[in-house]
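# Examining the three-dimensional arrangement
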Amino acid sequence: MVRHGWCGHLCPVGAFYGLIGWKAPVRVVAAQREKCDDCMDCFAVCPEPQVIKPALKGADKGVGPVILDINCTNCGRCLDVCSQDVFVFGTRFANATGAPAGARPVRQA
Ligand code: SF4
Ligand code: SF4
């Protein structure tokens, strides 16, 4: 059973937003994944935590840093919670270009 499975899989509104997110050019990128200290905070706040690991931990398998999984809704919770600033918003093409460029929202004090 997927935690918060109702929101992303069963609720029609959640599924609709999921489809929009899947096609969106803007994606979450684990641009500085080498800085990850394995605190697991992003996994704790993500409504679909299984989408994180490939982009975050797949470097040795040749997996790019862009989270392309359809179940990532670009909610941004992982960006907000990561103390190492691993994640940024970038484009879905960052895997192909190898460019980790992206924009990170300004943290609220
Ligand atoms: S919140 Fe940041 S440092 Fe913690 S596990 Fe996630 S990516 Fe790594
Ligand atoms: S943007 Fe939201 S759904 Fe996507 S990986 Fe981050 S916390 Fe999870």
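Residues numbered from 1 in each chain as written. Chains lettered and ligands numbered in written order. Predicted model: local features only at pLDDT ≥ 70, side-chain atom pairs only at ≥ 80, totals over all residues.

### So, the overall build of the chain
When helices and strands are tallied, the chain shows six helices and two strands. Listing every helix and strand of the chain by position from the N terminus yields α-α-β-α-α-α-β-α. Per-residue burial for the chain yields a buried fraction of 26% across its 109 residues. Sequence-distant contacts, at least 24 apart, represent 72% of the contacts inside the chain between residues at least 6 apart. (Helix = DSSP H or I, 4+ residues; strand = E, 2+ residues; numbered from the N terminus. Buried ≥ 20, exposed ≤ 12 C-beta atoms within 10 Å, placed from the backbone. Contact = placed C-beta atoms within 7 Å.)

### Some points on the site of ligand 1
Ligand 1 sits among C36, D37, D38, C39, M40, D41, C42, L56, V81, C82, Q84 and V86. In the shell around ligand 1, the residues fall into eight nonpolar, one polar and three charged. (Near = placed C-beta within 6 Å. Nonpolar A, V, L, I, M, F, W, Y, C, P; charged D, E, K, R; others polar.)

### A look at the site of ligand 2
Taken together, 15 residues lie around ligand 2, and C46, C72, C75, R77 and C78 are the ones closest in. Among the residues forming the shell around ligand 2, the class breakdown is 10 nonpolar, three polar and two charged.

### With respect to the environment of V51
Looking at the element boundaries, V51 is found in the loop between α3 (41-45) and α4 (52-57). For V51 and I67, which are 16 residues apart along the polypeptide, the C-alpha to C-alpha distance reads 6.8 Å. Setting aside its immediate chain neighbours within four residues, V51 contacts I67, D69, N71 and C72.

### Re the nonpolar core
By size, the foremost hydrophobic cluster in this structure holds 20 residues, and its most contacted members are V28, V29, A30, I52, I67, C78 and F87. Listing elements by their share of this core, those giving two or more residues are β1 (26-29), α4 and α5 (77-81). Looking at this core element by element, the count peaks at three residues for α4. What A30 contacts, discounting residues up to four positions off in sequence, is A55, L56, P65, V86 and F87. (Core = buried A, V, L, I, M, F, W, Y, C linked by C-beta atoms within 7 Å.)

### Here we look at the environment of G58
By the secondary structure assignment, G58 is in the loop between α4 and α5. Spatially, the C-alpha atoms of G58 and R33 are 9.5 Å apart, while their sequence positions differ by 25 residues.

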